[in-house]
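This is what each chain is made of:
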Amino acid sequence: MSCYKRPKSPGACVFFTVNLVDRGADTLVRHVDVLRQAVAVTRATRPFGIDAWVVLPDHMHCVWTLPKGDADFAGRMASIKAQFSIGLRRSGFSPTLNPNPHGAVGGAAESRAEARPTGPGTPGERSGHPATAVLGASHPR
């Protein structure tokens, strides 16, 4: 399991990167409309400020500012991942799982916040949630 440095300061500005499990896919840009909707749904119930957001074919970089008194950026990203996965499935997209999730090619996805993980990530072991197949683990430990 990966070891993350997670900011715990309410109202913090956080930077992180989220990768697709399939690092060669273009799912994020091909379905950016679904991603935008997932972000909008999450922000409607769990507000946060978007300072910067870069969406690339197989990963994205985010800079968010959390509301005063709130430090739960991971819960927000978990919600976005879940909404994105649900939206993809509704649109007919069906992700294929890598048969060798621990191999060097198409290896495990990581969500990083402020610091890079110190060990290998294994999202498939963390959650059976549909978001795992698309964006990696849906709930951090």
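Criteria and thresholds
Residues numbered from 1 in each chain as written. Predicted model: local features only at pLDDT ≥ 70, side-chain atom pairs only at ≥ 80, totals over all residues. Heavy atoms only, no water. Helix = DSSP H or I, 4+ residues; strand = E, 2+ residues; numbered from the N terminus. Buried < 20%, exposed > 50% of the residue type's maximum accessible area, 1.4 Å probe, protein only. Contact = heavy atoms within 4.5 Å. Areas by Shrake-Rupley, 256 points an atom, 1.4 Å probe, with all protein chains shown as cover. Salt bridge = Lys/Arg side-chain N within 4 Å of Asp/Glu carboxyl O. Core = buried A, V, L, I, M, F, W, Y, C linked by side-chain atoms within 4.5 Å.

Points about the overall build of the protein
- Looking only at helices and strands, the protein has 5 helices and 4 strands in total.
- When the helices and strands of the protein are placed in sequence order, the string is β-α-α-β-β-α-β-α-α.
- For the protein, the residues scored as buried account for 45% of the 141 residues in total.
- The long-range share in the protein, meaning contacts at least 24 apart out of those at least 6 apart in sequence, stands at 71%.
- With an accessible surface of roughly 7,300 Å², the protein has 56% of that area assigned to carbon and sulfur atoms.

Focus: the pattern of salt bridges
- In this structure the tally under the stated criterion is 4 salt bridges.
- Arginine 30 is the salt-bridge partner of aspartate 26, the closest N and O atoms lying 2.8 Å from each other.
- Residue aspartate 26 is classed as partly exposed on the basis of its relative accessible area of 34%.
- The partner of aspartate 72 in a salt bridge is arginine 46, with the nearest N and O atoms 2.4 Å apart. With aspartate 72 in the loop between strand E3 (59-65) and helix H3 (73-90) and arginine 46 in the loop between helix H2 (32-45) and strand E2 (49-55), this residue pair connects regions lying 26 residues apart in the sequence.
- When its relative accessible area of 29% is taken as the criterion, aspartate 72 is described as partly exposed.

So, the nonpolar core
- The biggest cluster of nonpolar side chains holds 23 residues, and the ones touching the most others in it are Phe16, Trp64, Met77 and Ile80.
- Elements represented by at least two residues in this core include exactly strand E1 (13-19), H2, E3 and H3.
- With 6 residues, the single largest contributor to this core is H3.

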